[in-house]
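# Understanding the architecture of this molecule
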Amino acid sequence: MTANTIDHNRARYNFEGIESVWLFGYGSLIYKVDFPFLEQRPATIRGWARRFWQGSHDHRGTPEAPGRVVTLIEQPGARCKGMAYRVSPNVFEYLDVREKNGYLRFSTTMTFDDGSHAEGLVYIATEDNEAFLGEAPEADIAAQIAAAAGPSGPNSEYLLRLAESLRALGDDCVHTFAIETHLLGNEPVAVKDR
Ligand code: SIN
C-alpha cells in the first residue's frame, strides 16, 4: 500500500446521517488538538500497544532521514491509554490529510475512565504501509528520533510532548518512557513486565 492513505480513508466509512463520531487518539492527537471537537474524554483501548514503529517522512522527518512516530501493534492483553474526542464527521476531511502518511481508520471500542464504552475510530499505520519501519531497540529508536526533524518540527518534540501528555493522563507506557529516558541521556529504568 502506498504511504498516502487519504483516498483509502475517504472510501472506508460512510458518515451519512451520523451527527458525531468518537475518535481515539494515542499519539500526537493527544497533545496537538488542532481540530474542533464536541467532547473530550480520557479513554483506553484493549489489545493494542503503542510503538514508535512508524516512519515519518512528512511531519517529523524527511524522505532522506525519516523520523519515528507511534502506531498501534496488536498485542493480546495490552492496554493503550489515550484521549477520545467526539467530533463531527466533517473533521475527518482534515484529519485524513494530517494522518495521511500510512494511517488508516479502523473501528475500535474505547473504555472511558468511568467504565462506560463507546464505538469509534482510531488511526493505525499497519505493517504493509510503505513508511512502516518496525521494531528496533529502544536506544536506537531514541537515537533516530534525536537526529530527525521535519516540517512539523523536531522529532524529539513529538516524543517529549507525548511522554508529558501520557504522564498527565496517568499512563505508564513503558516503551515511550524508555525511549524518552534514552533520548534525555539517562539510564533506562529496569522494567520487569513489558
Ligand atoms: C494518534 O495520535 O492517534 C495517531 C498517531 C499520531 O498522529 O501521532
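Being a predicted model, the structure only gives us computed values, none of them experimental. (Residues numbered from 1 in each chain as written. Predicted model: local features only at pLDDT ≥ 70, side-chain atom pairs only at ≥ 80, totals over all residues. Heavy atoms only, no water.)

## A closer look at the overall build of the protein
Selection criterion: Strands here mean DSSP runs of E at least two residues long; helices mean DSSP runs of H or I at least four residues long; both are numbered from the N terminus. For a compact globule the rule gives 2.2 Å times the number of residues to the power 0.38, and the radius of gyration it is set against comes from C-alpha atoms.
In terms of helices and strands, the protein carries 6 helices and 7 strands. Counting from the amino terminus, helix and strand elements in the protein follow one another as α-β-α-β-β-α-β-β-α-β-β-α-α. Over its C-alpha atoms the protein spans a radius of gyration of 16 Å, differing by no more than 12% from the 16 Å that the globule rule assigns to 194 residues. By principal-axis analysis of the C-alpha atoms, the protein measures approximately 50 × 40 × 30 Å.

## Focus on the site of the ligand
Keep this limit in mind: Any residue with at least one heavy atom within 4 Å of a molecule or strand is counted as near it. Under the rule applied, a polar contact is a pair of N or O atoms within 3.5 Å (in protein, one hydrogen donor and one hydrogen acceptor; residues adjacent in sequence only if both atoms are side-chain atoms). Detection works on a 1 Å grid of protein atoms alone, calling trapped sets that fit a 1.4 Å probe cavities and calling open sets with protein on both sides within 12 Å along at least five of seven lines pockets, with lining residues defined by an atom within 4 Å of a point. Any molecule with more than half of its atoms within 2 Å of a cavity's or pocket's grid points is counted as sitting in it. Polar here means any residue outside two lists: the nonpolar Ala, Val, Leu, Ile, Met, Phe, Trp, Tyr, Cys and Pro, and the charged Asp, Glu, Lys and Arg; Gly therefore counts as polar.
Around the ligand lies a shell formed by Phe24, Gly25, Tyr26, Gly27, Ser28, Leu29, Val70, Glu99, Tyr103 and Tyr158. One nitrogen or oxygen atom from the main chain of Leu29 is found 2.9 Å from an oxygen atom belonging to the ligand. One of the side-chain N or O atoms of Tyr158 is found 2.5 Å from an oxygen atom in the ligand. With respect to the detected pockets, the ligand is housed in the largest cavity. Every element with two or more residues in the shell around the ligand is listed here: strand 1 (21-25) and helix 2 (28-31). When grouped by side-chain class, the residues that make up the shell around the ligand number 6 nonpolar, 3 polar and 1 charged.

## Some thoughts on the nonpolar core
Where we set the bar: We define the nonpolar core as a collection of buried residues of types Ala, Val, Leu, Ile, Met, Phe, Trp, Tyr and Cys that are connected through side-chain atoms lying within 4.5 Å of one another. The cut-offs for exposure are 20% and 50% of the maximum accessible area for each residue type, with area from a 1.4 Å probe on protein chains only; residues under the lower value are buried, those over the upper are exposed, and the others partly exposed. Here, two residues are considered to be in contact whenever any of their heavy atoms come within 4.5 Å of each other.
Counting 48 residues, the largest nonpolar core has Phe24, Tyr26, Phe52, Phe92, Leu95, Met110 and Leu162 as its most contacted members. Here the element with the most residues in this core is strand 3 (residues 67-87); it accounts for 9 residues. Among all residues touching Leu95, those that are not within four sequence positions of it are Leu23, Leu29, Phe35 and Tyr123.

## Quick word on helix 6 (residues 174-183)
Among the 10 residues in helix 6, 7 count as buried, and that is most of the element. Listed as buried for helix 6 are His175, Thr176, Phe177, Ala178, Ile179, Glu180 and Thr181. Where helix 6 is buried, its residues touch strand 2 (39-56), helix 4 (138-147) and helix 5 (155-168).

## Examining the environment of Leu38
Locating Leu38 in the fold gives a position in the loop between helix 2 and strand 2. As for Leu38 and Ser88, which are separated by 50 residues in sequence, their C-alpha atoms are 7.5 Å apart. Among all residues touching Leu38, those that are not within four sequence positions of it are Ser20, Arg86, Val87 and Ser88.

## Things to note about the packing of aromatic side chains
Aromatic ring pairs: the centre-centre distance and the angle between the two ring planes describe each pair. This is how it is decided: Ring geometry is summarised as follows: Phe, Tyr and Trp rings, the Trp one being its six-membered ring, pair when their centres sit within 6.5 Å, and such pairs are stacked at plane angles under 30 degrees, edge-to-face over 60 and tilted between the two. Counting as a charge over the ring demands two things of the Lys NZ or Arg CZ atom: a distance within 6 Å of the ring centre and an angle within 35 degrees of the ring normal.
If you walk through the whole model with that rule in mind, you get 8 aromatic pairs. Relative to Tyr85, the ring of Phe35 has its centre 5.1 Å away and its plane inclined at 80 degrees; by these criteria the two rings are edge-to-face. On the criterion of sequence distance, the pair formed by Phe35 in the loop between helix 2 and strand 2 and Tyr85 in strand 3 is long-range, its members being 50 residues apart. As far as the burial class goes, Phe35 and Tyr85 line up, both buried. Here Phe52 and Tyr158 contribute two aromatic rings whose centre-to-centre distance is 6.0 Å and whose plane-to-plane angle is 80 degrees, an arrangement assigned as edge-to-face. With Phe52 in strand 2 and Tyr158 in helix 5, this pair connects stretches of sequence that are 106 residues apart. One exposure class covers both Phe52 and Tyr158, and it is buried. What links up through ring pairs into an aromatic cluster is the set Phe15, Phe92 and Tyr123. Against the face of Phe112 rests Arg41, its NZ or CZ located 4.1 Å from the ring centre.

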